Amino acid sequence: MEVKNANAAMLSYYEQRKDSGKHKHSAGQQNLNTIMYETLKYLSKTPCSRQSPEIVKEFLTTMVPHKLTKAEKLQLLNHRPLTAVEIQLLVEESEEIKMEHGGCELVHAVTLLQTCSILAS
């Protein structure tokens, strides 16, 4: 895998997991093989293991009214927080803006989508 433009985009855990399984490396690259194995092992324990393109699309559509940045949406998608406290750790200025005007809605939306992804798998 070659990085053409390091600042082009950030990948979600789902995209990394999906892409990592495609590449096989020679035995001479033992360190790289170990890193890939450990990465896939870690990602299999995260919510991305139950995600699909449809779930990701639905998540992003649901997040539109909350006016989050791309990085905040990515963090929420990767970590799928279950409480307002966890969301405050991932969303900048959450206590000033987002939690006052829809924090409960945001928690509900994230947990509802996580529940749906668990039931779908």
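What you are looking at is a predicted structure, and each value in this text was computed from that prediction instead of being measured.

(A) Highlighting the overall build of the protein. Helices and strands together make up the secondary structure of the protein, namely 6 helices and 0 strands. Going residue by residue from the N terminus, the α and β elements of the protein occur as α-α-α-α-α-α. The 121 residues of the protein split such that 32% are buried. Sequence-distant contacts in the protein: of pairs separated by 6 or more residues, those separated by 24 or more amount to 59%. Only carbon and sulfur atoms are counted for the fraction: they give 56% of the accessible area of the protein, which is about 8,300 Å².

(B) Representation of the nonpolar core. Core analysis: the largest hydrophobic core is formed by 16 residues, its most contacted members being F59, M63, L68, L76, I87 and L106. Those elements giving two or more residues to this core turn out to be α1 (13-20), α3 (53-63), α4 (70-79) and α6 (94-120). Top contributing element to this core by residue count: α6, with 4 residues. For this core, the domains that each give at least three residues are domain 1 (13-49) and domain 2 (51-116).

(C) Geometry of the environment of R50. Position of R50 relative to the elements: it lies in the loop between α2 (30-43) and α3. The sequence separation of R50 and Y14 amounts to 36 residues, and the corresponding C-alpha distance is 8.8 Å.

(D) Summary view of the layout of surface pockets. Roughly 320 Å³ of volume is contained in the largest pocket. The wall of the largest pocket is formed by 14 residues, among which M10, S12, E15, L60 and L74 lie closest to the centre. Secondary structure elements with two or more residues in the lining of the largest pocket: α1, α3 and α4. The element that contributes the greatest number of residues to the lining of the largest pocket is α4, accounting for 4 residues. Looking at the lining of the largest pocket residue by residue, the class counts come to 9 nonpolar, 1 polar and 4 charged.

(E) Region of interest: the side chain of T46. For T46, the position within the fold is in the loop between α2 and α3. Note on T46: relative accessible area 7%, which makes it buried. Side-chain polar atoms of T46 contact the backbone oxygen of L43, separated by 2.7 Å.

Analysis parameters
- Residues numbered from 1 in each chain as written.
- Predicted model: local features only at pLDDT ≥ 70, side-chain atom pairs only at ≥ 80, totals over all residues.
- Heavy atoms only, no water.
- Helix = DSSP H or I, 4+ residues; strand = E, 2+ residues; numbered from the N terminus.
- Buried < 20%, exposed > 50% of the residue type's maximum accessible area, 1.4 Å probe, protein only.
- Contact = heavy atoms within 4.5 Å.
- Areas by Shrake-Rupley, 256 points an atom, 1.4 Å probe, with all protein chains shown as cover.
- Core = buried A, V, L, I, M, F, W, Y, C linked by side-chain atoms within 4.5 Å.
- Domains from an automatic or database assignment.
- 1 Å grid on protein atoms, 1.4 Å probe; cavity = no way out; pocket = protein on both sides within 12 Å on 5 of 7 lines; lining within 4 Å.
- Points joined across faces, edges and corners; volume = space filled by probe spheres on them.
- Nonpolar A, V, L, I, M, F, W, Y, C, P; charged D, E, K, R; others polar.
- Polar contact = N/O pair within 3.5 Å; in protein donor to acceptor, adjacent residues only side chain to side chain.

Keep in mind these values describe shape, not function.
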